[in-house]
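Chain by chain, the residues:
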Amino acid sequence: MPAEHVPDRAELRKRVQPRSAFPLPADPDRLVAAIAIDGSRLTERVRDGLPSVVYGYAQTAAAYVDLGAMETQRAERFVDPHALDKAVNSALVSFDLPCAGAYERVGLDITTSWRHAIDRIFRSKRVEVNNLNKTLLDLLMLLHGTPGSQAARVPVNCPHDGCREEDVPVAAAAAAPTGQPCPSCGHALFTTDVLRVHEEVVEEGTNESALSRLMSVAELLVLVGLATLLWDQHRRDLLPSTLFIVDGPLAMYGPPAKLRKRALDYFQAMASTTPGPGPFVVGVEKTGATVDYARALVRNGVLEPGDLLTVDTYVLSYVTNTSSVSAYGKETYWGRKFIYRSMDGRVLVPTVVPATGAPYDTTGGLPDPASYPTLAATLDVFDRTGSSMYQDGIIPVALAHGKAAFPIGVGTDVLRLVARHKLGMVRSPFPAT
Ligand SMILES: [Zn+2]
């Protein structure tokens, strides 16, 4: 039975609210800017004769879009990419590491090599924009603290074979190779072990899923960094008038899933100290069961333009094709899903952060739109940023994606050459740096 089977129309309509139930904010309160965040990753087999040697790249881009300038362009018959580009400022964090069949240095197994690589990346890669100049490690400590105040330590489970030590407080300074000794086994613990990305690393395989987790973490940290920058320096003007849009749901899957709770706590703490309902943070899901289901609802005429569908237990049981949805999302999501059909007919699956409380829990969580004071202004931005250029797209996300995506063809050849150079497999065509 296809998951997108559409259930009882009358039952669904009870869960629909029209756009008019979320009145437009008064003009001075409408959001004037959007910051979209998107990441992409790529793995390359380094040389044809060595198919097991895989090198990985990932990057995360943030695009700041002036919504006023963008709307002026939309009003034109054809969008001028150059004018649109001028309305956008972007920032980028990129990193690379040996994923499989190659190692950070001599004598490390693949899991340890990943732990060393993540430590290196988090110490050296910075989000540099305006007055924000923080390493990924700084941002990780911030996420484990409160807005404006980094945690001094994070709880780490010892990754060494046979050791069961859990939640060891590890300071931000515990760097590879020496780290901080585990109180039980004495082996080195690194601050970034808190992410547990290494738990997904395997001896045989390309480790693309681990790279994907690492990229999701980087996306979240870029969001944390930029939101905190506005919270710190523009709490009364820019922060309450900017929508942060993450490409993908507000969720963290796999071993780093515990960051879900950190993210929820962090942004709720920020909301309690920001004037108005902000900060405005939304994730937009582009693929997956809920998106397929949402499109099926539109095809079947269930959702009109401007309709917002509450995704409660009833709807979730159809999306997931099971009656036991009580645990759905509670370990992974830090926002709640809705299904929205924009005024120009696009289908969007946003996830939105509740002002207080958990979006999902074992008793059904918070499906009611009333728990989401940022929703009205967010839907308003969705309605203002549609584009026929992208199916069910929103312009800021498309722009961020354009900045984050790796160019195909020549671009990947260059990355492969760089990987061979970094692994010492080729005489460098580039001057040594
Ligand atoms: Zn240990």
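Described below are features of the structure shown in this document. What you are looking at is a predicted structure, and each value in this text was computed from that prediction instead of being measured. (Residues numbered from 1 in each chain as written. Predicted model: local features only at pLDDT ≥ 70, side-chain atom pairs only at ≥ 80, totals over all residues.)

**Some words on the overall build of the protein chain**
Tallying secondary structure elements over the protein chain gives twelve helices and 15 strands in all. Taking all 433 residues of the protein chain together, the buried fraction comes to 44%. (Helix = DSSP H or I, 4+ residues; strand = E, 2+ residues; numbered from the N terminus. Buried ≥ 20, exposed ≤ 12 C-beta atoms within 10 Å, placed from the backbone.)

**Section: the pairing of strand 6 (residues 132-135)**
By the bridge criterion, four bridges tie strand 5 (residues 126-129) to strand 6 in an arrangement that is antiparallel. Across the sheet, the residue bridging to Val127 is Lys134, located in strand 6. Two successive antiparallel strands, strand 5 and strand 6, enclose a turn made up of two residues, where Asn130 displays a positive phi of approximately 45°. (Pairing = 2+ DSSP bridges.)

**Some thoughts on unusual backbone geometry**
A cis amide bond links Ala176 with the next residue in sequence, Pro177, at an omega value of 5°. Along the chain, Gly278 connects to Pro279 via a cis peptide bond; the corresponding omega equals 0°. One can find Pro279 in the loop between helix 7 (259-271) and strand 12 (280-285).

**Considering the packing of helix 6 (residues 208-233) against helix 7**
It is the contact of helix 6 with helix 7, at a shortest axis distance of 12 Å, that shows an interaxial angle of 15°. Judged on the interaxial angle alone, helix 7 and helix 6 are roughly parallel. Like other packed secondary-structure pairs, helix 6 and helix 7 cross with a definite hand, here left-handed. Contact residues: helix 6 offers Val217, Leu220, Val224, Ala227 and Trp231, while helix 7 offers Leu259, Ala263, Tyr266 and Met270. (Axes fitted to C-alpha atoms, helices over the stretch in contact; angles between N-to-C directions. Parallel < 35°, antiparallel > 145°, perpendicular 65-115°, else oblique. Left-handed = near helix turned anticlockwise from the far one by under 90°. Contact = placed C-beta atoms within 7 Å.)

**Notes on the pairing of strand 14 (residues 336-341)**
Most of strand 14 sits inside the fold, with six of its six residues counted as buried. Neither face of strand 14 is left uncovered, since the one carrying Arg336, Phe338 and Tyr340 and the one carrying Lys337, Ile339 and Arg341 both have all their residues buried. By the bridge criterion, four bridges tie strand 14 to strand 15 (residues 347-352) in an arrangement that is antiparallel. From the neighbouring strand, Lys337 faces strand 15, where its bridge partner is Thr351.

**Topic: the nonpolar core**
For soluble globular proteins, the rule of thumb is that nonpolar side chains tend to be buried together. Residues Ala36, Ala62, Val65, Leu221 and Ile245 are the most contacted members of the largest nonpolar core, which totals 122 residues. Sorting elements by how many residues they give to this core places helix 6 first, with 15 residues. The contact partners of Ile245, leaving out residues within four places of it in the chain, are Ala34, Ala36, Val282, Val284, Ile394, Pro396 and Val397. (Core = buried A, V, L, I, M, F, W, Y, C linked by C-beta atoms within 7 Å.)

**Observations concerning helix 8 (residues 289-299)**
All buried positions along helix 8 are accounted for by Thr290, Tyr293, Ala294 and Leu297. Along the long axis of helix 8, the arc covered by the buried residues comes to 100°, so they all point the same way. Among the structural elements, strand 12, helix 9 (313-319), strand 14 and strand 15 are those in contact with the buried residues of helix 8. Within two residues after helix 8, Gly301 carries a phi angle of roughly 70°, on the positive side. (Arc of directions from axis to C-beta.)

**Some thoughts on the environment of Glu200**
Tracing the chain through its elements places Glu200 in the loop between strand 10 (188-189) and helix 6. Counting along the chain gives 13 residues from Glu200 to Arg213, while the straight-line C-alpha distance between them is 9.1 Å. Residues in contact with Glu200, not counting those within four places in the same chain, are Ser209, Ala210, Arg213, Gly254 and Pro255.

**Points about helix 4 (residues 110-124)**
For helix 4, with 15 residues, the first-to-last C-alpha span of 21 Å sits near the 21 Å given by 1.5 Å per residue. With eleven of its 15 residues buried, helix 4 lies for the most part within the structure. Ile110, Thr112, Ser113, Trp114, Arg115, His116, Ala117, Ile118, Asp119, Ile121 and Phe122 are the residues of helix 4 that are buried. (Expected span 1.5 Å × (residues − 1).)

**Quick word on the environment of Gly364**
By the secondary structure assignment, Gly364 is in the loop between strand 15 and helix 10 (375-384). Using a count of 13 C-beta atoms within 10 Å as the deciding quantity, one classes Gly364 as partly exposed. Separated by 52 residues in the primary sequence, Gly364 and Asp312 place their C-alpha atoms 7.3 Å from one another. Dropping the residues within four chain positions of it, Gly364 is found in contact with Asp312 and Thr313.

**Observations regarding the packing of helix 5 (residues 136-143) against helix 6**
Angle between the axes and distance between the axes: these two values describe a pair of packed helices. At a closest axis distance of 9 Å, the pairing of helix 5 and helix 6 adopts a crossing angle of 75°. The pairing of helix 5 with helix 6 is recorded here as roughly perpendicular in orientation. Residues Leu136, Leu139, Leu140, Leu142 and Leu143 of helix 5 form the contact with helix 6, whose participating residues are Ala218, Leu221, Val224, Gly225 and Thr228. Class assignment of the residues belonging to the contact of helix 5 with helix 6 gives a composition of eight nonpolar, two polar and no charged. (Nonpolar A, V, L, I, M, F, W, Y, C, P; charged D, E, K, R; others polar.)

**Here we look at the environment of Tyr333**
Summarising the element assignment, Tyr333 is placed in the loop between helix 9 and strand 14. It is 6.3 Å that separates the C-alpha atoms of Tyr333 and Arg260, two residues lying 73 residues apart in sequence. With near-sequence residues (within four places) excluded, Tyr333 lies in contact with Pro249, Leu250, Ala251, Arg260, Thr351, Pro359 and Tyr360.

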